[in-house]
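# An overview of the molecular structure
Below are the chains, spelled out letter by letter.
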Amino acid sequence: MAEISLGPGAEEVPLAGMLAEMLKSNLEKPEKKRDFEKLKAKVLIHAVDAEAKITMDFDRGKLTVYGGEAGKPDIAIATDSTTLLELANLKIKYGLPWYFDETGMGVVKKLLKGDLKIKGMFAHLGALTRLTKIMSLS
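So, a few notes on the structure that sits alongside this text. Model, not experiment: these values are computed from the prediction.

Next up on the list: the overall build of the protein. For the protein, the count of helices and strands is five helices and eight strands. Taken from the N to the C terminus, the helices and strands of the protein come in the order β-α-α-β-β-β-β-α-β-β-α-β-α. Referenced to the eigenvectors of the C-alpha coordinate spread, the extents of the protein come out at roughly 35 × 35 × 25 Å. Within the protein, the fraction of its 138 residues that count as buried is 43%. At a minimum sequence separation of 6, the contacts of the protein that also span at least 24 residues come to 65%. Per element, the accessible surface of the protein, about 7,700 Å² overall, is 56% carbon and sulfur. In the protein, 21 side chains carry a positive charge and 19 a negative one; their mean positions are 7 Å apart.

Reading the values: rules and limits
Residue numbers here run from 1 along each chain, matching the order of that chain's written sequence. Only residues with pLDDT of at least 70 are given local features in this predicted model, and only at 80 or more are side-chain atom pairs given and counted; all residues enter the totals for whole chains, interfaces and linings. Just so you know, side-chain values use all the structure's heavy atoms and leave hydrogens and water out. Per the convention used, a helix needs a DSSP run of H or I reaching at least four residues, while a strand needs a run of E reaching at least two, with both numbered from the N terminus. Summary of the burial criterion: residues with accessible area below 20% of their type's maximum are buried, those above 50% are exposed, and those between are partly exposed, where the area comes from a 1.4 Å probe applied to protein chains only. Between two residues, a contact is recorded if the distance between any of their heavy atoms is within 4.5 Å. Accessible surface is estimated by sampling points in the Shrake-Rupley manner with a 1.4 Å probe; for residues, cover comes only from the protein chains shown. The charge count treats Lys and Arg as positive and Asp and Glu as negative. His and the chain ends do not count. To locate a charge, take NZ of a lysine, CZ of an arginine, CG of an aspartate or CD of a glutamate.

Next up, the structure:
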């Protein structure tokens, strides 16, 4: 069983509990659990429209979700709540996020327009790919 816990401040940010529950459900799939067990990264998610920030600290099979910024993130994602949902709806094909359908193309367009900002995207591409795979609802 994956170990997911809420850290300090998480109770004050509804996004933290929502993402933790979504991940618990997603990790019932063996292929997602394998990626979760390999992921070691600190990820900051900022829902700019909701003025909500959380930090997810992945440590190879363990996850602690904090309210606000906790430490220095490897990956920082800033966008609106709708786009965060679109990221969760990215399809996974051939073991990778699929950007060649309507949802994927929408995500790419938002990246290019600056409506979706992902710092650390290239420096931590493997971690970002694993994160996308375990967060995806498909």
